Amino acid sequence: MEDFVLISSDKAVNPTNIMGVTKRVAELIMQGLQNSGTTRFMAVRFGNVLGSNGSALPLFEQQIAAGGPVTVTHPDARRYFMTIPEAVQLVLQASSMGQGGEIFVLDMGEPVRILDLVRNLIRLSGLEPDSDIKIEFVGLRPGEKLFEELKLEGEDVKPTAHEKIRLLTGSKMTFEQMSGWLAELSVLVEAKNVHGLVTKLVAIVPEYWPSPEIISLGAIDRHDQALNFRLARAGLTSAQESAESAA
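The rules we used
Sequence order as written defines the numbering, with residues in each chain counted from 1. Note on the predicted model: pLDDT of at least 70 is required for a residue's local features to be given, and 80 or more for side-chain atom pairs to be given and counted; whole-chain, interface and lining totals, by contrast, use all residues. For side-chain calculations, the full set of non-hydrogen atoms in the structure is used, while hydrogens and water are omitted. Under the scheme used here, helices are H or I runs from DSSP no shorter than 4 residues and strands are E runs no shorter than 2 residues, and both carry numbers assigned from the N terminus. We call a residue buried when its accessible area falls under 20% of the maximum for its residue type, exposed when it is over 50%, and partly exposed in between, using a 1.4 Å probe and counting protein chains only. In this description, contact between two residues means that some pair of their heavy atoms is separated by no more than 4.5 Å. Positive charges come from Lys and Arg, negative ones from Asp and Glu, while His and the chain ends are left out of the count. Each charge is placed at NZ for Lys, CZ for Arg, CG for Asp and CD for Glu. Throughout, nonpolar core names a set of buried Ala, Val, Leu, Ile, Met, Phe, Trp, Tyr and Cys residues whose side chains join them through atoms within 4.5 Å. We place a 1 Å grid over just the protein atoms. Points where a 1.4 Å probe fits but has no way out form a cavity, open points with protein on both sides within 12 Å along at least 5 of 7 lines form a pocket, and any residue with an atom within 4 Å of a point lines it. Grid points are joined across faces, edges and corners, and a volume is the space filled by probe spheres set on the points. The nonpolar class holds Ala, Val, Leu, Ile, Met, Phe, Trp, Tyr, Cys and Pro. Asp, Glu, Lys and Arg form the charged class, and all remaining residues, Gly among them, are polar. Throughout, the arc means that of the directions going from the helix axis to the C-beta atoms. As a per-residue quantity, pLDDT reports the predictor's confidence and falls between 0 and 100. We define a salt bridge as a side-chain nitrogen of Lys or Arg found within 4 Å of a carboxyl oxygen belonging to Asp or Glu. Ring pairs are drawn from Phe, Tyr and Trp, using the six-membered ring of Trp, whenever the two centres fall within 6.5 Å, and their geometry is named by plane angle: stacked under 30 degrees, edge-to-face over 60, tilted for the rest. A pair of strands counts as paired when DSSP detects no fewer than two bridges linking them.

Let's talk about the overall build of the protein
Here is step 1 of the chain: Secondary structure summary: the protein contains nine helices and 11 strands in total.
Here is step 2 of the chain: C-alpha extents for the protein along the principal axes are approximately 65 × 50 × 25 Å.
Here is step 3 of the chain: The proportion of buried residues among the 247 residues of the protein is 42%.
Here is step 4 of the chain: A separation of at least 24 residues holds for 74% of the contacts in the protein among residues at least 6 apart in sequence.
Here is step 5 of the chain: Positive and negative charge centroids in the protein, built from 23 and 31 side chains respectively, lie 0 Å apart.

Re the nonpolar core
Here is step 1 of the chain: Formed by 22 residues in total, the largest nonpolar core has its most connected members in Val44, Phe46, Met82, Leu106 and Met108.
Here is step 2 of the chain: Of all elements in the fold, only strand S2 (40-46), helix H3 (84-97), strand S7 (103-106) and strand S11 (165-169) reach the threshold of two or more residues within this core.
Here is step 3 of the chain: The leading source of residues in this core is S2, at five residues.
Here is step 4 of the chain: Excluding its chain neighbours within four sequence positions, the residues that come into contact with Met108 are Phe46, Gly47, Asn48, Tyr80, Phe81, Met82 and Leu150.
Here is step 5 of the chain: Ala77, Leu117, Leu121 and Ile122 belong to the second largest nonpolar core, which has 15 residues in total.

Brief notes about the layout of surface pockets
Here is step 1 of the chain: By volume, the largest pocket amounts to about 900 Å³.
Here is step 2 of the chain: Lining the largest pocket are 34 residues, with Lys11, Asn48, Gly54, Ser55 and Ala56 positioned closest to its centre.
Here is step 3 of the chain: Of all the secondary structure elements, the ones that give two or more residues to the lining of the largest pocket are strand S1 (3-9), helix H1 (18-33), strand S3 (48-50), helix H2 (56-65), strand S4 (70-72) and helix H4 (114-124).
Here is step 4 of the chain: Broken down by element, the residue count for the lining of the largest pocket peaks at four residues, all from H2.
Here is step 5 of the chain: Of the residues assigned to the lining of the largest pocket, the class counts are 15 nonpolar, 13 polar and six charged.

Describing H4
Here is step 1 of the chain: Inspection of H4 places Ile114, Leu115, Leu117, Val118, Leu121 and Ile122 among the buried residues, and these make up the whole buried set. Taken around the axis of H4, the buried residues stretch over an arc of 160 degrees, which confines them to a single face.
Here is step 2 of the chain: One or two residues past the end of H4 sits Gly126, with phi positive at roughly 80 degrees.

Side note on the confidence of the model for the protein
A low pLDDT means the predicted coordinates there should not be read in detail.
Here is step 1 of the chain: Of the residues in the protein, 94% have a pLDDT of 70 or more, and the chain-wide mean is 86.
Here is step 2 of the chain: For residues 239-247, every residue scores under 50 in pLDDT, and the model assigns this stretch 11 contacts once sequence neighbours within four places are set aside.

A word on the pattern of salt bridges
Here is step 1 of the chain: Within this structure, the stated rule accounts for 13 salt bridges.
Here is step 2 of the chain: One salt bridge connects Glu144 with Arg79, and the closest N-O pair in it is separated by 3.6 Å. Of this pair, Glu144 sits in the loop between strand S9 (135-137) and strand S10 (156-159) while Arg79 sits in strand S5 (residues 78-79), and the two are 65 residues apart along the sequence. Each member of the pair, Glu144 as well as Arg79, is classed as buried.
Here is step 3 of the chain: One salt bridge connects Glu184 with Lys200, and the closest N-O pair in it is separated by 3.4 Å. Taken as a pair, Glu184 in helix H5 (residues 175-191) and Lys200 in helix H6 (residues 194-204) lie far apart in primary sequence, 16 residues in all. One exposure class covers both Glu184 and Lys200, and it is buried.
Here is step 4 of the chain: Overlapping salt bridges bring together Arg24, Glu27, Arg45 and Glu207 as one network.

Concerning the packing of aromatic side chains
Here is step 1 of the chain: Inspection of every chain in the model, using the stated rule, returns one aromatic pair.
Here is step 2 of the chain: With a centroid separation of 5.5 Å and 50 degrees between ring planes, the pair formed by Phe4 and Phe41 is classed as tilted. You can see Phe4 sitting in strand S1 and its partner Phe41 sitting in strand S2, a full 37 residues away along the chain.
Here is step 3 of the chain: Its relative accessible area of 41% is what places Phe4 among the partly exposed residues.

Things to note about the pairing of S10
Here is step 1 of the chain: Where S10 lies against S11, four bridges are found, and the strand directions are antiparallel. The partner of Pro159 across the bridge, within S11, is Arg166.
Here is step 2 of the chain: Counted between consecutive antiparallel strands, the loop separating S10 from S11 contains five residues.

See below:
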């Protein structure tokens, strides 16, 4: 037997961007695959890891070293954080306790206000925020939220043998549902139809709220008449009906 551990994200909860919604779809696919063979499929959902690729911390440090300004999206933006060693250890421990099909969520503690984090970094550098190093608020980017969550509405959190690892319980997808999704998503990706892709993602993840920017990006794709023929050749139902609901 082999084990497969999906590294998920708090952005999968009530997603507002493509990264978040595709992480949620990946969680559902993982559950659908569970009964397709002998592999144990599991997912571990957690927040930001300090110092990892994509972390804002190195950027803040570079901006401080350059004399500022340090750019923060919003004064009230908050995120969950943990260190790389802690994240790795907890993921490995979660994978060892899984039987297959579970979504585990790590206890991230309380969310940290990004502004407080930046002020502490400036002071640790021997400088004073606002006087030595300016802080600029640049606004939330498209699809970015003020705060992240670790569980969906309707998901129950149960304790495990480890105090920092919780087990999420909720609805699960079947292999047949997952296979149908993947087939239609593949056709939409091949067609480069943004509108159809966003529409299908909303159908799979109803709590997904696409940003106005991504909706605008796919506006012209609503009139792609060739898409129905591509779907028909693939033996799939037309995406046009579901497309109307996401308009």
